[in-house]
Amino acid sequence: MPEQLQPVIDVVIESFQVDTNLLIQGAIIALLVGFMMSRFGQLIYYVLIALVLDLLVVPLGMEIYANEMNFAGALDYTIGIVTAHGENMFIIVNRAIFFVAALIVVSLLKSIFRRS
């Protein structure tokens, strides 16, 4: 049985092997979204929210801040971010796997805190 699950385990492990900044950013987003999450049945919606925050909102905010709060170029920054992610879809899949695992852990922790 473990030999059959090895490819799945490898993909999940690879999803967590990212830059430290991305790992911290993802953990903070997972905590925020995970504590807002109401049920496991709606996990896909919360993963989509986390992906939008992780792949669009945070990079857009960092780009605006780096360019001296230039909101006039926000559309250009957004187009650049979307095209950069569109070229490498594997990043989106890895981040989605990361958020599924992180949101499950956060919701389990939330249920433990609620019961105690």
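As the structure is a computational prediction, the values presented were derived from the model and not from experiment. (Residues numbered from 1 in each chain as written. Predicted model: local features only at pLDDT ≥ 70, side-chain atom pairs only at ≥ 80, totals over all residues. Heavy atoms only, no water.)

S.K.: Kindly report on the pattern of salt bridges, identifying the contributing residues and their values.
M.R.: Per the stated rule, a full pass over the model turns up one salt bridge. For the salt bridge of Arg-95 with Asp-54, the shortest nitrogen-to-oxygen distance reads 2.7 Å. Of this pair, Arg-95 sits in helix α5 (residues 89-115) while Asp-54 sits in helix α3 (residues 43-66), and the two are 41 residues apart along the sequence. The exposure class of Asp-54 is buried, given its relative accessible area of 3%. (Salt bridge = Lys/Arg side-chain N within 4 Å of Asp/Glu carboxyl O. Helix = DSSP H or I, 4+ residues; strand = E, 2+ residues; numbered from the N terminus. Buried < 20%, exposed > 50% of the residue type's maximum accessible area, 1.4 Å probe, protein only.)

S.K.: Before we move on, could you go through helix α2 (residues 20-36) and cite the residues and values that matter?
M.R.: Compared with the 24 Å implied by 1.5 Å per residue over 17 residues, the 24 Å span of α2 between its first and last C-alpha is a close match. Turning to α2, its buried residues are Gln-25, Gly-26, Ile-29, Ala-30, Val-33 and Gly-34. Buried residues of α2 fall within an arc of 155 degrees about the axis and therefore sit on the same side. Facing away from the buried side of α2 by more than 90 degrees, the exposed set consists of Thr-20, Asn-21 and Leu-32. In the core, the buried residues of α2 are packed alongside α3 and α5. (Expected span 1.5 Å × (residues − 1). Arc of directions from axis to C-beta. Contact = heavy atoms within 4.5 Å.)

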